[in-house]
Amino acid sequence: MRGILISETTREEREKIIAESLDCGGGGCENCSGCALGGGDPFEMYRDYIEGRKEIAEINREYRAKYLR
């Protein structure tokens, strides 16, 4: 199993991880609802991960925090 941490991946691998995880561009949006729920373009939402600035878990925590109070 390959890792997903920034230290374990290249930029290209991280972009592919996001694309495959959300099935964006391939088979379409299979019940993701990210765009409709205010997440917007997943590549923009996860840009900091793709660019190596924040881990996926951190981005997800920040996103959830907006809705959990």
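Everything quoted here is computed from the prediction, not taken from an experiment.

Quick look at the overall build of the chain
Item 1. Per the secondary structure count, the chain includes four helices and zero strands.
Item 2. N-terminal to C-terminal, the α/β element order of the chain is α-α-α-α.
Item 3. Taking the contacts inside the chain whose residues are at least 6 apart along the sequence as the reference set, 53% of them involve residues at least 24 apart.
Item 4. When the accessible surface of the chain is split by element, carbon and sulfur atoms take 53% of a total near 4,900 Å².

Quick notes on the confidence of the model for the chain
Item 1. Confidence along the chain averages 82 in pLDDT terms, with 71% of residues attaining 70 or more.
Item 2. The secondary-structure element of the chain with the lowest mean pLDDT is helix α2 (residues 42–45), recorded at 83, while helix α3 (residues 47–50) shows the highest, at 96.

Brief notes about the nonpolar core
Soluble globular proteins: nonpolar side chains tend toward being buried together.
Item 1. Grouped together as the largest cluster of nonpolar side chains are eight residues: I6, I17, I18, Y46, Y49, I50, I56 and I59.
Item 2. Listing elements by their share of this core, those giving two or more residues are α1 (11–22), α3 and α4 (56–65).

Thoughts on the side chain of T9
Item 1. For T9, the location among the structural elements is in the segment before α1.
Item 2. Not counting residues within four places of it along the chain, the set of residues in contact with T9 comprises G3, I4, R14, I17 and Y49.

Here's the deal with α4
Working note: α-helix, 3.6 residues per turn, so residues spaced by three or four point in the same direction.
Item 1. Here α4 has its buried residues at I56, I59 and Y63. All buried residues of α4 lie within an arc of 70° about the axis, which places them on one face of the element.

With respect to the side chain of R14
Item 1. As for its placement among the helices and strands, R14 is situated in helix α1.
Item 2. It is E51 that comes nearest to the buried, bridge-free R14 among opposite-charge side chains, at 6.5 Å.
Item 3. If we skip the residues at most four places from it in the chain, R14 touches I6, T9, Y49, I50, E51 and G52.

A closer look at the pattern of salt bridges
Side-chain pairs of opposite charge can arise whenever the charged atoms involved come near each other.
Item 1. For the structure shown, the criterion picks out eight salt bridges.
Item 2. When the shortest N-O distance is used, the salt bridge between E15 and R11 registers 2.8 Å. With a gap of four residues between them, E15 and R11 both fall in helix α1, about one helical turn apart.
Item 3. Of the residues examined, E15 reaches a relative accessible area of 33% and is grouped as partly exposed.
Item 4. Put simply, D48 and R53 hold a salt bridge, and the shortest N to O gap is 2.8 Å.
Item 5. For R53, a relative accessible area of 53% corresponds to the exposed category.
Item 6. Connected through shared salt-bridge partners, R11, E15, E44, R47 and E51 make up one network.

Calculation rules
Just so you know, the residues in each chain are numbered from 1, in the order the chain's sequence is written. For a predicted model such as this one, the threshold for reporting local features is a pLDDT of at least 70, and the threshold for listing and counting side-chain atom pairs is 80 or more; totals across whole chains, interfaces and linings nevertheless cover every residue. Based on all heavy atoms of the structure, the side-chain values leave hydrogens and waters out of the count. Each helix is a run of DSSP H or I of at least 4 residues and each strand a run of E of at least 2, with the numbering of both proceeding from the N terminus. Contacts were defined at the residue level, with two residues in contact if any of their heavy atoms lie within 4.5 Å. Note that accessible areas follow from Shrake-Rupley with a 1.4 Å probe, and for residues the cover is restricted to the protein chains shown. On a range of 0 to 100, pLDDT expresses the predictor's confidence in each residue. Among buried residues, those of type Ala, Val, Leu, Ile, Met, Phe, Trp, Tyr and Cys that are joined through side-chain atoms within 4.5 Å constitute a nonpolar core. Buried residues are those whose accessible area, probed at 1.4 Å on protein chains only, stays under 20% of the maximum for their type, while exposed residues exceed 50% and partly exposed ones sit between those limits. This arc is built from the directions going out from the helix axis to the C-beta atoms. Working convention for charge: Lys and Arg count positive, Asp and Glu count negative, and His plus the chain ends are omitted. One side-chain nitrogen of Lys or Arg within 4 Å of one carboxyl oxygen of Asp or Glu is enough to make a salt bridge.

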